[in-house]
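# An overview of the molecular structure
Spelled out, the chains give:
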Amino acid sequence: MLTAVLATCLPITLWAQAPPPGAPAAARFGQGVREFLGLGPPPDAAAAERGAPIYAANCAFCHGPLARGAEGPSLIYSELVLEDQHGSSVAEFLKVGRPQKGMPAFATLSDEQRKDVVEFLHQQIEDVANRGTYQVKNIVLGDPRKGASYVSKHCLGCHSLTGDLKGLAEKWRRDITATVRSPQGTWQGRVQQIDDFRIELVDDSGRPVVIVRDPDVAVELHDPLAPHVAIIGALADSDMINVTAYLETLE
Amino acid sequence: MRGRRRYLRFLRRMACLGALLASAQANELDMTLLGKPATTAWPTFNGDYSGERFSSLQQINTENVASLQLQWSYRITDVGAQRGAPVPVIKATPLLVNGTLYFTIPDNVYAVDARTGAKLWSYSWTDQGGHLVGNRGLGMYKSWLYFLGPDDWVICVDSGTGKERWRKQIADARLQYFTTTAPLVVKDHVLVGVGGDAMDIRGFLVALNPDNGDIQWKWWTTPDAGEPGIETWPSVSAALHGGGGTWLPGTYDPELNLVYWGTGNTNPVFAGQGRKGADLYTASIVALNVDSGKLAWHFQVSPHDTHDWDNTETPVLIDADVGGKPRKLLAQAARNGWFVVLDRTNGKALVSTPYVRLNWAKGVDEQGQPIPDPAKEPKVSGSMTNTSATNWMSPSYSPAAGLFYVNAVEGFAIYYLLDTEARPSGYGGTLTSLGTSRRFLKALDITTGKVRWQHEYPSLNGAPSTVGPGLLSTAGNLVFSGDDQGNLIAYSADRGKILWHFRANAAQSNGPITFMLDGRQWVVLAAGDTLYAYTLAPMAVNRADQ
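Residues numbered from 1 in each chain as written. Chains lettered and ligands numbered in written order. Predicted model: local features only at pLDDT ≥ 70, side-chain atom pairs only at ≥ 80, totals over all residues.

Once that is clear, we can look at the overall build of chain B. Summing up its helical and strand segments, chain B has two helices and 37 strands in all. In summary, chain B has a C-alpha radius of gyration of 23 Å against a globular reference of 24 Å for 546 residues, a match within 12%. Expressed along its principal axes, the backbone C-alpha trace of chain B runs to roughly 95 × 50 × 45 Å. Taken over 546 residues, chain B has a buried fraction of 59%. Of the contacts made within chain B by residues no fewer than 6 positions apart, 61% connect residues no fewer than 24 positions apart. (Helix = DSSP H or I, 4+ residues; strand = E, 2+ residues; numbered from the N terminus. Rg over C-alpha atoms; globule rule 2.2 N^0.38 Å. Buried ≥ 20, exposed ≤ 12 C-beta atoms within 10 Å, placed from the backbone. Contact = placed C-beta atoms within 7 Å.)

A word on the domain arrangement of chain A. Segmenting chain A into domains produces domain 1 (45-133) and domain 2 (175-222). With centres defined by C-alpha atoms, the gap from domain 1 of chain A to domain 2 of chain A works out at 61 Å. (Domains from an automatic or database assignment.)

Each strand in a sheet pairs with another by means of backbone hydrogen bonds, the pair being arranged parallel or else antiparallel. Residues and elements named next belong to chain A. The five strands are arranged 5-4-3-2-6 in an open sheet whose pairing can be described as antiparallel. The open sheet is flanked by strand 5 (208-212) and strand 6 (218-222), the only strands paired with a single partner. Put simply, the sheet's adjacent strands are angled 40° from each other on average, direction ignored. Inspection of the sheet shows strand 2 (residues 177-182) paired to strand 6 by five bridges, in the antiparallel sense. Considered in strand 6, the bridge of Val180 is made with Val219. (Pairing = 2+ DSSP bridges. Axes fitted to C-alpha atoms, helices over the stretch in contact; angles between N-to-C directions.)

What follows deals with the sheet that holds strand 10 (residues 164-169) of chain B. Residue and element names in this part refer to chain B. With antiparallel pairing, four strands are arranged side by side in an open sheet as 7-8-9-10. This sheet does not close on itself; its edge strands, each paired only once, are strand 7 (139-141) and strand 10. For this sheet the average axis-to-axis angle between neighbouring strands, irrespective of direction, equals 20°. With five bridges connecting them, strand 9 (residues 153-158) and strand 10 associate as antiparallel partners. Note on strand 10: the bridge partner recorded for Val154 is Lys168.

Here we take up the nonpolar core. Formed by 159 residues in total, the largest nonpolar core has its most connected members in Leu96(B), Leu138(B), Met140(B), Val259(B), Ala331(B), Phe404(B) and Val524(B). Of all the elements, helix 7 (residues 111-129) of chain A adds the most residues to this core, at seven residues. Not counting residues within four places of it along the chain, the set of residues in contact with Met140(B) comprises Leu29(B), Pro43(B), Leu95(B), Val97(B), Leu145(B), Ser159(B) and Val185(B). (Core = buried A, V, L, I, M, F, W, Y, C linked by C-beta atoms within 7 Å.)

To continue, consider unusual backbone geometry. Residues and elements named next belong to chain B. A cis amide bond, omega -10°, links Asn267 with the succeeding residue Pro268. Following the sequence through the fold, Pro268 ends up in the loop between strand 16 (258-262) and strand 17 (284-289). Between Leu280 and the following residue, Tyr281, the backbone shows a cis peptide bond with an omega angle of -5°. Counting through the fold element by element, Tyr281 comes out in the loop between strand 16 and strand 17. The phi dihedral of Arg53 falls on the positive side, at around 50°, and the residue is not glycine. With respect to the helices and strands, Arg53 occurs in the loop between helix 1 (2-24) and strand 1 (54-55). Overall, the presence of 31 C-beta atoms within 10 Å leaves Arg53 in the buried class. In this model, Asn477 sits at a positive phi of 60°, which is unusual for a non-glycine residue. Inspection of the secondary structure puts Asn477 in the loop between strand 30 (472-474) and strand 31 (478-482). The exposure class assigned to Asn477 is buried, which follows from the 20 C-beta atoms found within 10 Å.

Let's shift gears to helix 8 (residues 144-154) of chain A. All names here are of chain A. Every buried residue of helix 8 is accounted for by Gly147, Tyr150 and Val151. For helix 8, the angular spread of buried residues about the axis comes to 100°, placing them on one side. Facing away from the buried surface of helix 8 by more than 90 degrees, the exposed residues are Arg145, Ser152 and Lys153. Contacts from the buried residues of helix 8 go to helix 10 (237-248). (Arc of directions from axis to C-beta.)

So, on to the pairing of strand 35 (residues 520-527) of chain B. All names here are of chain B. Burial within strand 35 is extensive, with seven of its eight residues counted as buried. In terms of strand pairing, strand 34 (residues 513-517) meets strand 35 through five bridges, oriented antiparallel. Paired with Ile513 across the two strands is Val524, which belongs to strand 35. Here strand 34 hands over to strand 35 after two residues, with Asp518 in that stretch at a positive phi of 55°. Relative to strand 36 (residues 530-535), strand 35 is paired through five bridges, and the arrangement is antiparallel. Across the sheet, the residue bridging to Leu525 is Tyr532, located in strand 36. Once strand 35 ends, the chain turns through two residues before running back antiparallel as strand 36, passing Gly528 with a positive phi of about 65°.

Below, the discussion takes up the packing of helix 3 (residues 45-58) of chain A against helix 7 of chain A. Residues and elements named next belong to chain A. For the pair helix 3 and helix 7, interaxial distance at closest approach is 7 Å and the crossing angle is 105°. Put simply, helix 3 runs roughly perpendicular to helix 7. Here helix 3 contributes Ala45, Ala47, Ala48, Arg50, Gly51, Ala52, Ile54 and Tyr55 to the contact with helix 7, which in turn contributes Gln113, Lys115, Asp116, Val117, Glu119, Phe120, His122 and Gln123. (Parallel < 35°, antiparallel > 145°, perpendicular 65-115°, else oblique.)

This is the structure:
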């Protein structure tokens with residue numbers, strides 16, 4: 001949704017590290033980032049969920065609701081927890097605690113419950129360290145009326161919401177075209193590749209053309225999104241947020 | 001007949017002895033070359049200690065560079081996909097010592113004959129974690145090389161054989177410390193930095209004994225309770241998890257006995273609400289006494305960084321006349337888009353100005369440090385701000401042209417705050433790039449910071465942030481660099497005119513080096529998994545590794 005909403009206003013490429021929530025790619029991406037960071041095996045999400053209320057009732061008072069520390073230390077950076085694999089050492093530790101340092105024993109919890117609490121801790125570390133699983137929050141926080149006013153003032157000179165912009169998110173494509181002039185002739189078409197030394201076009205008949213950029217070759221690029229590119233960096237955050245809120249109200 | 005057999009046996013024995021001697025022969029670096037202008041050797045990451053990456057060589061120059069030809073290429077074919085890296089990418093600047101090139105990729109070291117591209121030996125490390133994002137190369141002390149495994153191990157190997165001598169672990173990879181840097185050897189110190197910002201590390205720089213890896217001193221980037229700088233943090237625990245990696249090699253002034261180091265971004269990366277204040281000494285340039293590790297001065301280029309703006313870019317040491325007076329200067333083109341020229345004796349700013357279009361600063365304070373605009377911190381609903389203007393790719397300064405060269409990116413992104421807790425942790429946010437960023441080679445005047453010339457790299461694609469070409473300038477009035485489409489390019493240093501190019505198999509991925517060998521000037525650089533070597537003479541040989 002985020003992509004679709006913003007794409008109607010600005011050319012956008014979503015950063016690879018924040019795939020759309022729910023997409024199958026997201027889980028694979030999270031796994032890829034975990035491997036890249038060397039974070040070890042993924043936590044057992046179901047066990048972590050079972051462990052959450054046990055943690056909240058027994059541990060959060062000292063270690064904070066997300067295990068990031070309060071009266072007691074943060075458990076996110078705890079060597080004991082980082083060394084543990086699915087309760088391999090911390091579950092036993094919880095049985096005896098460290099009473100001399102004020103860390104009580106949790107001997108009344110069952111073995112399973114202790115393991116679930118440890119899995120909750122591993123989930124907190126995962127949520128912090130694996131940025132491949134981060135989720136963008138609700139960003140529709142602007143004022144749609146102000147957004148409508150911005151769109152009316154800055155966009156509707158070129159666009160119509162019921163005409164060319166209707167369904168734009170689905171038909172989105174950015175075609176940069178070029179006119180290339182040389183002593184041998186003139187070519188026009190969609191640009192496939194350009195660097196300092198060559199340009200590759202597909203002309204209107206679909207024919208690929210490669211032209212070496214000798215000193216007597218002139219290249220003129222046409223970017224249909226040039227006015228949008230000009231907005232980037234100059235647009236006020238408030239306008240961006242309001243327009244997003246306004247676009248969210250449209251069909 | 002008997003005499004002849006005896007003679008043959010003698011010859012065989014001599015040949016065996018010769019081979020033994022050759023294989024065991026150490027390649028010893030003449031230590032007096034360290035810090036000298038790099039001509040017949042390139043014995044440190046930056047060639048010398050200045051970080052200028054300028055060569056006084058001029059056999060290759062604007063008149064003849066068009067005839068530069070490939071002499072050999074060396075492709076890494078013995079390493080497949082690595083964790084998180086589908087193909088090997090050489091980001092290391094090679095060392096060149098006595099005709100041997102030494103370079104790295106994560107977990108691997110190579111020694112190659114600079115004349116032929118023939119492999120002499122390689123060394124492999126089996127890591128137990130850490131990031132394989134890159135490895136910048138090696139440090140050398142006498143006949144020993146220093147290499148970092150990604151999982152915070154410093155490994156010393158023999159330069160003649162690649163045999164391991166010792167190893168020391170300097171940090172814990174489970175806390176998301178990882179190591180990619182090229183160790184910097186200064187006197188009897190091996191200086192090693194760390195990186196990693198996934199889990200709120202406390203950055204440090206460590207000096208090791210070159211003989212055995214024992215720690216000589218350790219400088220923490222962020223202060224502990226009662227130490228100077230703690231007043232720029234809301235709490236000691238925020239400071240002790242405040243980031244500030246040291247993951248690129250610094251520079252060194254032997255007269256002042258100071259090393260200069262850039263420090264990395266602050267942690268949590270995008271969520272600054274739990275660390276209100278300037279957050280010293282993250283995202284700064286620091287000057288440290290190389291024998292004690294004591295801080296002499298600091299200059300914070302990104303106070304209260306909330307945009308992942310590692311300030312690890314090379315602090316380039318320049319001796320130049322300013323206003324008719326000789327000055328000891330330090331110049332840096334920072335990742336946040338700011339260019340500073342400081343007096344390196346005391347850290348006072350002479351120039352402090354943007355070198356790309358940016359919108360996150362409200363001006364400079366009385367020290368010349370940029371003042372970040374709080375309105376441009378990441379927000380839940382998004383905030384549009386610059387992307388990184390440069391990264392680890394080496395800049396260059398040519399004293400002949402008086403210009404500082406940097407490969408720069410002009411682009412914008414929306415920065416989102418994702419972790420709104422009072423005590424955020426990790427990255428705590430993300431960013432979404434906007435449109436297509438533009439890439440430039442910029443030549444900056446060091447007395448004003450103004451762009452003297454710039455060349456835009458034509459491209460349909462946005463600039464990648466983690467692979468990029470480093471720069472080299474020479475007295476032949478040349479600058480070597482590359483674009484993001486596989487072209488290796490030589491420009492005239494004074495005007496930025498393209499004079500030569502070579503189409504490689506991948507985009508240039510390291511910093512180029514140059515040196516004299518057998519009376520010829522060589523240029524060596526890497527693109528993807530291949531090292532390319534050029535001279536003016538026409539005798540091209542391709543050679544895969546063997």
